[in-house]
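Spelled out, the chains give:
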Amino acid sequence: MSRFIKPPPFLAEEDQKRIALDLLLDAWDTALQRGCQPETLATTAIYAALTDMIDIYGADPVAEMIEDLPDRIRAGEFTLGDGGSGPGDDDGDDPGSGPISAQ
């Protein structure tokens, strides 16, 4: 007799973002400890994110989603800590809507 494990229900979007960011930051720290350079991690993470987004939404919609990234970067939206604030709050800890979501 086999037992099936029911998957947990999906969490609220904000909870999913917080958990995903925590897990990604833990993996980032592990990669740094194993000798990967931050620049290599960053470009690899951007590549992985874009390839997944393109698989989900297609190339044209993703290209449209990221058109405003230069302005958002210059505005400090992706600067954590003392250099700026994250989206939606002043402490920079909120993962917000993600780097290529439409605002």
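One can find the structure itself at the top, above this paragraph.
So, how was this worked out
- Residues numbered from 1 in each chain as written.
- Predicted model: local features only at pLDDT ≥ 70, side-chain atom pairs only at ≥ 80, totals over all residues.
- Heavy atoms only, no water.
- Helix = DSSP H or I, 4+ residues; strand = E, 2+ residues; numbered from the N terminus.
- Contact = heavy atoms within 4.5 Å.
- Areas by Shrake-Rupley, 256 points an atom, 1.4 Å probe, with all protein chains shown as cover.
- Expected span 1.5 Å × (residues − 1).
- Salt bridge = Lys/Arg side-chain N within 4 Å of Asp/Glu carboxyl O.
- Buried < 20%, exposed > 50% of the residue type's maximum accessible area, 1.4 Å probe, protein only.
- Patch = residues over 30% accessible without salt bridge, like charges linked within 9 Å, V, L, I, M, F, W, Y side chains within 5 Å.
- Polar contact = N/O pair within 3.5 Å; in protein donor to acceptor, adjacent residues only side chain to side chain.
- Axes fitted to C-alpha atoms, helices over the stretch in contact; angles between N-to-C directions.
- Parallel < 35°, antiparallel > 145°, perpendicular 65-115°, else oblique.
- Left-handed = near helix turned anticlockwise from the far one by under 90°.

(A) Summary view of the overall build of the protein chain. For the protein chain, the helix and strand inventory stands at four helices and zero strands. The contacts of the protein chain with a sequence gap of at least 6 include a subset with a gap of at least 24, amounting to 37%. When the accessible area of the protein chain is evaluated, it comes to approximately 8300 Å², of which 59% is carbon and sulfur surface.

(B) Fine view of helix 1 (residues 13-33). Between its terminal C-alpha atoms helix 1 stretches 30 Å, which fits the 30 Å expected from 21 residues at 1.5 Å a residue. Note on helix 1: the residue one or two positions beyond its end, Gly35, has a positive phi of about 105°.

(C) Here's a closer look at the pattern of salt bridges. As enumerated under the stated definition, the model contains six salt bridges in all. Glu14 serves as the salt-bridge partner of Lys17, at 3.7 Å between the closest nitrogen and oxygen. With Lys17 and Glu14 both in helix 1 and three residues apart, this pair spans about one turn of that helix. The exposure class of Glu14 is partly exposed, given its relative accessible area of 42%.

(D) Fine view of a nonpolar patch on the surface. Together, Leu11, Ile19 and Leu23 line one region of the surface with nonpolar side chains, adding up to about 280 Å² of accessible area. Inspection of the secondary structure puts Leu23 in helix 1.

(E) Spotlight on the side chain of Glu77. One can find Glu77 in the segment after helix 4 (69-74). One polar contact links Glu77 to Arg72, side chain to side chain, over a distance of 2.7 Å.

(F) Structural context of the packing of helix 1 against helix 2 (residues 38-57). It is the contact of helix 1 with helix 2, at a shortest axis distance of 10 Å, that shows an interaxial angle of 140°. Classified by the angle between their axes, helix 1 and helix 2 sit oblique to one another. Helix 2 is crossed by helix 1, and the crossing has right-handed handedness. Seen from helix 1, the contacting residues are Trp28, Ala31 and Leu32; seen from helix 2, they are Pro38, Leu41, Ala42 and Ala45.

(G) Looking closely at the environment of Trp28. The topology assignment puts Trp28 in helix 1. Relative accessible area serves as the criterion here: at 28%, Trp28 is assigned to the partly exposed category. Sequence spacing of Trp28 and Ala42 is 14 residues, and the spatial spacing of their C-alpha atoms is 9.1 Å. With residues near it in sequence (within four places) discarded, Trp28 still touches Pro38, Leu41, Ala42 and Ala45.

(H) Expanded view of the side chain of Arg72. You can see Arg72 is positioned in helix 4. Arg72 sits in the buried class, given a relative accessible area of 7%.

(I) View of helix 2. Compared with the 28 Å implied by 1.5 Å per residue over 20 residues, the 28 Å span of helix 2 between its first and last C-alpha is a close match. Backbone geometry just after helix 2 places Gly58 at a positive phi near 100°.

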